[in-house]
Amino acid sequence: MHDPIELSEITLRRLRLKLRLPFTTSFDTAYERDTVLVILTSNDNLIGVGEAPTHNAPVYDHQYTDATFDVLHRFLIPSIKHPITSAEQLQHSMARFKGQTVGTCGIEAAYWHLVTQVTGQSLKALWGGQANAVVAGFSIGGTSVDDVLARAHTAVEAGFKRLKIKIWPGFEGSVMTALRRDFPDIMLQVDANCAYDPFDPKHQRALKALDYFDLLLIEQPFGGDDMLDHVRFQADHQMQTPIALDESIRSLNDARRAYKLWQMFDIGNKLVINVKPPRVGGYREARRIANYVEENSIPCWMGGMLETCVGKWMNIILSSHPGFTLPGDHLQPQPYYERDIALPLPTVQPDGFIAVPATGTGFEIDWEAIEKLTIERKTISF
Ligand code: OSB
Ligand code: MG
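The rules behind the values
Residues numbered from 1 in each chain as written. Chains lettered and ligands numbered in written order. Predicted model: local features only at pLDDT ≥ 70, side-chain atom pairs only at ≥ 80, totals over all residues. Heavy atoms only, no water. Near = heavy atom within 4 Å. Polar contact = N/O pair within 3.5 Å; in protein donor to acceptor, adjacent residues only side chain to side chain. Areas by Shrake-Rupley, 256 points an atom, 1.4 Å probe, with all protein chains shown as cover. Buried < 20%, exposed > 50% of the residue type's maximum accessible area, 1.4 Å probe, protein only. Helix = DSSP H or I, 4+ residues; strand = E, 2+ residues; numbered from the N terminus. Phe/Tyr/Trp six-rings, centres within 6.5 Å; stacked < 30°, edge-to-face > 60°. Donors = N, O, S within 2.8 Å, 3.2 Å for Na, K, Ca; no water. Axes fitted to C-alpha atoms, helices over the stretch in contact; angles between N-to-C directions. Parallel < 35°, antiparallel > 145°, perpendicular 65-115°, else oblique. Left-handed = near helix turned anticlockwise from the far one by under 90°. Contact = heavy atoms within 4.5 Å. Nonpolar A, V, L, I, M, F, W, Y, C, P; charged D, E, K, R; others polar. Salt bridge = Lys/Arg side-chain N within 4 Å of Asp/Glu carboxyl O.

(A) Spotlight on the site of ligand 1. Around ligand 1, the structure places 17 residues, and the nearest of them are S139, N193, L306, K312 and Y336. K164 places a side-chain nitrogen or oxygen 3.0 Å from an oxygen atom of ligand 1. The separation between an oxygen atom of ligand 1 and a polar side-chain atom of D246 is 3.1 Å. Across the complex, the protein chains shield 100% of the 390 Å² of accessible surface that ligand 1 would expose by itself.

Structure representation (structure tokens):
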């Protein structure tokens, strides 16, 4: 509980960020990306910053930067009830808008930043975090076997304990063979971002062949709406490797649905859940999923959306919750962006862990950087 928060204004900023290293997935190669910041100013001039990490095109899901900026401005922000008394109240005020998880997450993240200042409590305490450090995983979006191998070597030398490789039809067997030759024992997983067709026998064979590589999991081979195809594929092909859902999980109820479905097929132990706060509508819903997977012993990890370090610090802090049992997609060996928007940047220690901030949010906003990177802004005053 905290004193009611009265807002004086909200500013939206669209930032253009240049990636240091291009990131290739089954849907595109990104060299830069735009993100949206939601900046809440309270009556007593406290400032909360939250990230709505968007894609410029609707390639990961239906949401994209222009649409998120617009829905924030026209619908989500005007629906906020004042004063704000809790994250639950904030969520309920926006809940009638369908499928706007990224924008909702941006407002909620800024609210949590304000709450740390109003209450003096850390995000870690507010969110039920426990671990003092979390294991760093690295999501590799390379364009060729050599490119992926080079990125993997850099990461392992820097201390990363787990690698995740972006795959697509035709780019899986050769890259896994090369990785297992160089790293026979490392924790390894793959992410297809919906690129496979559950009814194509060639695709089925390529996915089944991944069972040879002793992977932690295969992430989202089929469409976001195809939970049933995922579980059927796993059961019909007697896959040993667990299947993990990313795009298919947009709420706690989706996580419940998935687990019930896997249990109905008698393979409840072969499901892994990925949590990304911007995909499930914020940190409150993400924590509710973390509680659920903890209660049901479902393996789970914190995903990433190439966030700035504002989003990354919040993800790292939430992933110290005991529901997160697998290494998160938290970092790369080098900073993601030519210029980031807060300090310090999270970094991996030589032992492969990232220290979890125990006070506040862990970051200080770099307003000069934000000003330089902003390409569009809108202010709504109350
Ligand atoms: O599917 O997990 C994904 C990045 C953008 C969109 C989707 C995904 C990803 C990642 C990157 O894998 C994780 C990160 O380092 O932020
Ligand atoms: Mg994914």
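Structure's up, so let's keep going.
(B) Quick peek at helix α12 (residues 309-318). α12 sits mainly inside the fold: 10 of its 10 residues count as buried. Looking at α12, one finds that the buried residues are C309, V310, G311, K312, W313, M314, N315, I316, I317 and L318.

(C) Examining unusual backbone geometry more closely. Residue H82 is joined to P83 through a cis peptide bond whose omega torsion reads -10°. In this structure, P83 sits in the loop between α1 (65-79) and α2 (87-94). Phi at N193 takes a positive value of approximately 45°, unusual for a residue other than glycine. Residue placement: N193 occurs in the loop between β7 (187-191) and α7 (201-209).

(D) Representation of the packing of aromatic side chains. Taken as a whole, this structure holds 9 aromatic pairs when the rule is applied. Note on F138 and F160: the rings are 5.7 Å apart at their centroids and 50° apart in plane angle, and the pair reads as tilted. Pair noted here: F138 is in strand β5 (residues 137-140) and F160 is in the loop between α5 (145-158) and β6 (162-166), with a separation of 22 residues, a long-range link. Classification of F138 as buried rests on a relative accessible area of 1%.

(E) Fine view of the coordination of the magnesium ion (ligand 2). Coordination of the magnesium ion (ligand 2) by the protein involves D191 (OD), E219 (OE) and D246 (OD), with metal-donor separations of 2.0 to 2.3 Å. Each donor residue of the magnesium ion (ligand 2) lies on one chain, and together they are spaced D-x27-E-x26-D. Taken together, the positions of E219 in strand β8 (residues 218-219) and D246 in the loop between β9 (243-245) and α9 (252-264) put the pair 27 residues apart, joining distant regions of the chain. The pair E219 / D246 is uniform in exposure class, with both members buried.

(F) Spatial organisation of the packing of α2 against helix α3 (residues 101-119). With their axes 11 Å apart at the nearest point, α2 and α3 run at an angle of 155° to one another. When the axes of α2 and α3 are compared, the pair comes out roughly antiparallel. Where α2 crosses over α3, the handedness of that crossing is right-handed. Between α2, through A87, L90, Q91 and M94, and α3, the contact on the second element is made entirely by T104, I107, E108, Y111 and W112. The residue inventory of the contact of α2 with α3, partitioned by class, reads 6 nonpolar, 2 polar and 1 charged.

(G) Geometry of the pattern of salt bridges. Tallied over the entire structure, the rule returns 27 salt bridges. The residue D66 makes a salt bridge to R14 at a minimum N-O spacing of 2.6 Å. Within this pair, whereas D66 is found in helix α1, its partner R14 is found in strand β1 (residues 7-24), the two being separated by 52 residues in sequence. The exposure class assigned to R14 is buried, which follows from its relative accessible area of 8%. A salt bridge links K164 to D191; its shortest N-O distance comes to 3.3 Å. Here D191 lies in strand β7 and K164 lies in strand β6, a separation of 27 residues in the sequence. Judged by relative accessible area, K164 falls into the buried class, the value being 2%. Put simply, R162, K164, K166, D191, E219 and D329 are held in one network by salt bridges that share partners.

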